Amino acid sequence: MLLRASGEQEKRDYDLSAVTSESGDGGVTDGQWLRLLTEQTIRGDWTSLTQTRQQASRAIGSEQCVDVLTVAAAFNGITRVADATGIPLDHNTVDATASLRAGVGIDSFHYTAKSSRYR
(Lines give C-alpha, C1' and ligand atoms only; values in the text may rest on other atoms or scores of the structure.)
Protein backbone atom coordinates (compact mmCIF):
# COMPACT_ATOMS: atom_id res chain seq x y z
CA MET A 1 0.00 0.00 0.00
CA LEU A 2 2.75 2.46 0.93
CA LEU A 3 4.87 1.54 -2.08
CA ARG A 4 1.91 2.18 -4.34
CA ALA A 5 1.27 5.57 -2.68
CA SER A 6 4.92 6.60 -2.82
CA GLY A 7 5.01 5.59 -6.48
CA GLU A 8 2.08 7.89 -7.17
CA GLN A 9 3.80 10.76 -5.36
CA GLU A 10 7.09 10.20 -7.17
CA LYS A 11 5.31 9.51 -10.48
CA ARG A 12 6.92 6.05 -10.70
CA ASP A 13 5.14 2.91 -11.78
CA TYR A 14 6.10 0.06 -9.47
CA ASP A 15 5.14 -3.46 -10.52
CA LEU A 16 3.61 -4.79 -7.32
CA SER A 17 2.96 -8.17 -8.94
CA ALA A 18 6.70 -8.80 -8.41
CA VAL A 19 5.79 -9.58 -4.80
CA THR A 20 4.10 -12.84 -5.78
CA SER A 21 5.86 -13.67 -9.05
CA GLU A 22 8.98 -15.74 -9.63
CA SER A 23 10.94 -12.92 -11.26
CA GLY A 24 11.18 -9.17 -11.73
CA ASP A 25 12.45 -6.35 -9.62
CA GLY A 26 9.20 -4.43 -9.27
CA GLY A 27 10.82 -1.29 -10.62
CA VAL A 28 12.57 -0.76 -7.30
CA THR A 29 16.20 0.32 -7.16
CA ASP A 30 18.36 -2.76 -6.55
CA GLY A 31 15.23 -4.89 -6.77
CA GLN A 32 17.14 -7.93 -8.00
CA TRP A 33 19.14 -8.00 -4.76
CA LEU A 34 16.02 -7.43 -2.67
CA ARG A 35 14.36 -10.40 -4.38
CA LEU A 36 17.31 -12.77 -4.04
CA LEU A 37 18.00 -11.93 -0.42
CA THR A 38 14.34 -12.14 0.56
CA GLU A 39 13.59 -15.37 -1.30
CA GLN A 40 16.67 -17.13 0.06
CA THR A 41 15.85 -15.94 3.58
CA ILE A 42 12.25 -17.20 3.38
CA ARG A 43 13.41 -20.50 1.85
CA GLY A 44 16.06 -20.96 4.52
CA ASP A 45 18.64 -21.48 1.75
CA TRP A 46 21.55 -20.53 4.00
CA THR A 47 24.31 -21.69 1.65
CA SER A 48 23.05 -19.58 -1.25
CA LEU A 49 22.17 -16.74 1.09
CA THR A 50 25.73 -16.53 2.39
CA GLN A 51 27.10 -16.13 -1.13
CA THR A 52 24.32 -13.74 -2.20
CA ARG A 53 24.78 -11.65 0.95
CA GLN A 54 28.47 -11.22 0.19
CA GLN A 55 27.76 -10.23 -3.43
CA ALA A 56 24.89 -7.92 -2.42
CA SER A 57 27.03 -6.25 0.24
CA ARG A 58 29.57 -5.34 -2.42
CA ALA A 59 26.86 -4.17 -4.86
CA ILE A 60 24.47 -2.26 -2.57
CA GLY A 61 26.47 -1.90 0.64
CA SER A 62 26.50 -3.93 3.82
CA GLU A 63 24.10 -1.63 5.70
CA GLN A 64 21.42 -1.89 3.01
CA CYS A 65 21.96 -5.64 2.84
CA VAL A 66 21.36 -5.92 6.60
CA ASP A 67 18.25 -3.74 6.25
CA VAL A 68 16.84 -6.04 3.54
CA LEU A 69 17.44 -9.15 5.63
CA THR A 70 15.96 -7.55 8.74
CA VAL A 71 12.79 -6.48 6.93
CA ALA A 72 12.41 -9.89 5.25
CA ALA A 73 12.70 -11.68 8.60
CA ALA A 74 10.41 -9.21 10.37
CA PHE A 75 7.63 -9.37 7.77
CA ASN A 76 7.75 -13.16 7.74
CA GLY A 77 7.30 -13.19 11.52
CA ILE A 78 4.71 -10.41 11.66
CA THR A 79 2.40 -12.04 9.11
CA ARG A 80 2.66 -15.40 10.85
CA VAL A 81 1.75 -13.84 14.21
CA ALA A 82 -1.19 -11.97 12.69
CA ASP A 83 -2.41 -15.09 10.88
CA ALA A 84 -1.93 -17.32 13.93
CA THR A 85 -3.91 -14.99 16.18
CA GLY A 86 -6.63 -14.50 13.60
CA ILE A 87 -6.18 -10.76 13.22
CA PRO A 88 -8.36 -9.78 10.27
CA LEU A 89 -7.78 -6.82 7.99
CA ASP A 90 -9.87 -3.85 9.10
CA HIS A 91 -12.74 -2.84 6.81
CA ASN A 92 -10.96 0.27 5.49
CA THR A 93 -7.88 -1.76 4.53
CA VAL A 94 -10.04 -4.49 2.94
CA ASP A 95 -11.78 -1.89 0.78
CA ALA A 96 -8.68 0.16 -0.03
CA THR A 97 -6.57 -2.83 -1.03
CA ALA A 98 -9.14 -5.02 -2.82
CA SER A 99 -7.92 -4.35 -6.36
CA LEU A 100 -4.27 -4.44 -5.30
CA ARG A 101 -4.67 -7.81 -3.54
CA ALA A 102 -6.58 -9.27 -6.48
CA GLY A 103 -4.11 -7.89 -9.02
CA VAL A 104 -1.00 -9.35 -7.43
CA GLY A 105 -2.59 -12.54 -6.13
CA ILE A 106 -2.12 -11.90 -2.42
CA ASP A 107 -5.59 -13.25 -1.56
CA SER A 108 -4.65 -16.67 -2.91
CA PHE A 109 -1.30 -16.79 -1.10
CA HIS A 110 -1.70 -19.37 1.67
CA TYR A 111 0.95 -20.90 3.89
CA THR A 112 0.47 -24.29 2.26
CA ALA A 113 1.44 -22.74 -1.07
CA LYS A 114 4.27 -20.87 0.59
CA SER A 115 5.54 -24.06 2.19
CA SER A 116 5.58 -25.93 -1.11
CA ARG A 117 7.22 -22.99 -2.88
CA TYR A 118 9.98 -22.44 -0.32
CA ARG A 119 10.66 -25.93 0.99
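Chemist: So what exactly am I meant to see when it comes to the overall build of the chain here?
Modeler: Secondary structure assignment for the chain yields six helices and zero strands. Secondary structure of the chain in N-to-C order comes out as α-α-α-α-α-α. Across the 119 residues of the chain, 23% fall into the buried class. Here the contacts in the chain between residues at least 6 apart in sequence split such that 49% fall between residues at least 24 apart.

Chemist: Just to check I follow, could you spell out the nonpolar core for this structure?
Modeler: Side chains of a nonpolar character, in soluble globular proteins, are inclined to be buried together. Of all hydrophobic cores here, the largest spans eight residues; its members are Trp33, Leu37, Leu49, Ala56, Ile60, Cys65, Val68 and Leu69. Mapped onto this core, the elements with two or more residues apiece are helix H2 (31-43), helix H3 (46-60) and helix H4 (62-85). Those residues in contact with Val68 that sit more than four places away from it in its chain are Leu34, Leu37 and Thr38.

Chemist: Help me understand the packing of H2 against H4 in this model?
Modeler: Relative placement of two packed helices is described by the angle separating their axes and the distance separating the axes. Taken N-terminus to C-terminus, the directions of H2 and H4 make an angle of 45°; their axes are 9 Å apart at the nearest point. Judged on the interaxial angle alone, H4 and H2 are oblique. Like other packed secondary-structure pairs, H2 and H4 cross with a definite hand, here right-handed. For the pair H2 and H4, the contacting residues are Leu34, Leu37, Thr38, Thr41 and Ile42 in the first and Cys65, Val68, Leu69, Ala72 and Asn76 in the second. When the residues that make up the contact of H2 with H4 are grouped by side-chain class, the tally is seven nonpolar, three polar and no charged.

Chemist: Explanation requested: helix H5 (residues 91-104) in the structure shown.
Modeler: It helps to recall that an α-helix has 3.6 residues per turn; residues three or four apart then point in one direction. Here H5 contains 14 residues, and its C-alpha end-to-end distance of 20 Å stays within 8% of the 20 Å for a straight helix at 1.5 Å per residue. Within H5, the axis deviates most sharply at Thr97, by approximately 60°. Inspection of H5 places Thr97, Leu100, Arg101 and Val104 among the buried residues, and these make up the whole buried set. One side-chain oxygen of the residue at the start of H5 lies 3.1 Å from the amide nitrogen of Asn92, identifying that residue as Asp90.

Rules of the game
- Here the residue index of a chain counts from 1 through its sequence in written order.
- Residues qualify for local features only when their pLDDT is at least 70, as the model is predicted, and side-chain atom pairs are given and counted only at 80 or more; totals for whole chains, interfaces and linings, by contrast, use all residues.
- To obtain the side-chain values, all non-hydrogen atoms of the structure were included, while hydrogens and water were left out.
- Starting at the N terminus, helices and strands are each numbered in turn, a helix being any DSSP run of H or I of at least four residues and a strand any DSSP run of E of at least two.
- Categorising residues by exposure relies on relative accessible area from a 1.4 Å probe, with only protein chains included: less than 20% of the type maximum marks a residue as buried, more than 50% marks it as exposed, and the intermediate range marks it as partly exposed.
- Working rule for contacts: check all heavy atoms of both residues, and any pair within 4.5 Å makes them a contact.
- The term nonpolar core refers to a set of buried residues drawn from Ala, Val, Leu, Ile, Met, Phe, Trp, Tyr and Cys, joined through side-chain atoms within 4.5 Å.
- Working convention: axes come from line fits to C-alpha atoms, limited for helices to the stretch in contact. Angles between N-to-C directions cover 0 to 180 degrees.
- By definition in this entry, angles of less than 35 degrees are roughly parallel, angles greater than 145 are roughly antiparallel, angles of 65 to 115 are roughly perpendicular, and the rest are oblique.
- Handedness of a helix crossing follows the sense of rotation of the near helix relative to the far helix, less than a right angle counterclockwise being left-handed and clockwise being right-handed.
- Classification convention: Asp, Glu, Lys, Arg as charged; Ala, Val, Leu, Ile, Met, Phe, Trp, Tyr, Cys, Pro as nonpolar; all other residues, Gly among them, as polar.
- Take the number of residues in a helix, subtract one, and multiply by 1.5 Å to get its expected span.
- Working definition for bend: take the seven residues up to and ending at a residue and the seven starting at it, fit an axis to each, and measure the angle between the axes.
- We define a polar contact as two N or O atoms separated by no more than 3.5 Å, with the added condition that, inside protein, one atom must be a possible hydrogen donor and the other a possible acceptor, whereas residues neighbouring each other in sequence contribute only through side-chain atom pairs.

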